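Report on the structure
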Amino acid sequence: MKRCFDLLLAVCASLILLLPILITALCVKLTSRGPAVYWSDRVGKNNVIFKMPKFRSMRIDTPAVATHLLSNPDQYLTPIGSFLRKSSLDELPQLWSILNGDMSFVGPRPALYNQHDLIALRTEKNVHTIPPGLTGWAQVNGRDELPIPVKVELDAYYLQHQSFLLDMRILLMTFFKVLRRDGITH
């Protein structure tokens, strides 16, 4: 049921957002060197690595680590990178990952392949058994501001309480958080 909902919503969203996706891709290309889309190695269901696309908000010479681990993340932002992140437009290409089955609309955010502490804690709590999401319970309860153990506890809560109604609540909360730009630190 969840996969059917993801597919239906992803197809509809892709059609509705086609023009903003194309405009964003063009803006990324015109304002910085490199490709418009960055393919990041992420950890998916059962800790399988997959390639997750995002509009590139960082320069091509940025180290492949979580943004919070960079000493001065702002120095790596492209001219429109901050706007892309704060508006969450950088996440639009992840519709591909949802269509492809690597992600769901709702689930724990996919960890970078080298976030060993996050991966280990999620595995310990069995969070790795569900597909990662475009948004999730941890996202709507703090996003970038949360320490990893708190994030994992929120992910575990989602694992134990998954339902269509909780997913709808998270999607609605995400919509309003994105509008207000809540919980974004970079």
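To be clear, the structure that these remarks concern was listed above.
This section reports on the structure supplied with the text. Counting restarts for each chain, with residues numbered from 1 along the sequence as it is written. In keeping with the predicted nature of the model, local features appear solely for residues at pLDDT of at least 70, side-chain atom pairs appear and are counted solely at 80 or more, and the whole-chain, interface and lining totals rest on all residues. As a rule here, side-chain values come from all non-hydrogen atoms in the structure, and water together with hydrogens is ignored.

1. Some words on the pairing of strand β1 (residues 37-43)
- Two strands qualify as a pair provided that DSSP identifies no fewer than 2 bridges between them. Helix and strand assignments come from DSSP, with helices taken as H or I runs of at least 4 residues and strands as E runs of at least 2, each series counted from the N terminus. Two elements, β1 and strand β2 (residues 49-55), share 7 bridges in a ladder whose sense is antiparallel. Bridging from a neighbouring strand, Val-43 pairs with Ile-49 of β2.
- Counting the residues between successive antiparallel strands, the hairpin from β1 to β2 contains 5 residues, one of them, Asn-46, with a positive phi of roughly 60°.
- Strand direction decides the pairing type here: β1 and strand β4 (residues 111-112), joined by 2 bridges, are antiparallel. When the sheet's bridge partners are listed, Val-43 is paired in β4 with Ala-111.

2. Brief notes about the packing of aromatic side chains
- Aromatic pairing here means that ring centres of Phe, Tyr or Trp (its six-membered ring) are within 6.5 Å. Orientation follows from the plane angle: under 30 degrees is stacked, over 60 is edge-to-face, and everything else is tilted. With the rule as written, the count across this model stands at 3 aromatic pairs.
- Between the aromatic rings of Phe-5 and Phe-164, the centroid separation amounts to 5.5 Å while the plane-to-plane angle is 85°, which identifies the pairing as edge-to-face. Note that Phe-5 is positioned in helix α1 (residues 2-16) and Phe-164 in helix α8 (residues 164-180), a separation of 159 residues in sequence.
- Classification of Phe-5 by relative accessible area gives partly exposed; the value is 24%.
- Centre to centre, the rings of Trp-137 and Tyr-157 are 5.6 Å apart; their planes meet at 25°, and the pair counts as stacked. Exposed residues in this analysis have more than 50% of their type's maximum accessible area, buried residues have under 20%, and partly exposed residues fall in between, with area computed by a 1.4 Å probe over protein chains only.

3. Some remarks on the packing of helix α5 (residues 116-124) against helix α7 (residues 148-161)
- Between N-to-C directions, angles span 0 to 180 degrees; the directions come from axes that are lines fitted to C-alpha atoms, helices contributing only their stretch in contact. One way to put it is that α5 packs onto α7 with a least axis distance of 10 Å and a crossing angle of 35°. α5 and α7 meet at a crossing whose hand is right-handed. The segment α5 lies against α7, with Asp-117, Leu-118, Leu-121 and Arg-122 engaging Ile-148, Pro-149, Val-152 and Asp-155.
- Tallied by class, residues from the contact of α5 with α7 come to 5 nonpolar, no polar and 3 charged. Take the far helix as your reference; a near helix turned counterclockwise from it by less than a right angle gives a left-handed crossing, and one turned clockwise gives a right-handed crossing. Two residues qualify as a contact provided that any one of their heavy atoms is within 4.5 Å of a heavy atom in the partner residue. Charged means Asp, Glu, Lys or Arg here, nonpolar means Ala, Val, Leu, Ile, Met, Phe, Trp, Tyr, Cys or Pro, and polar covers whatever is left, Gly included.

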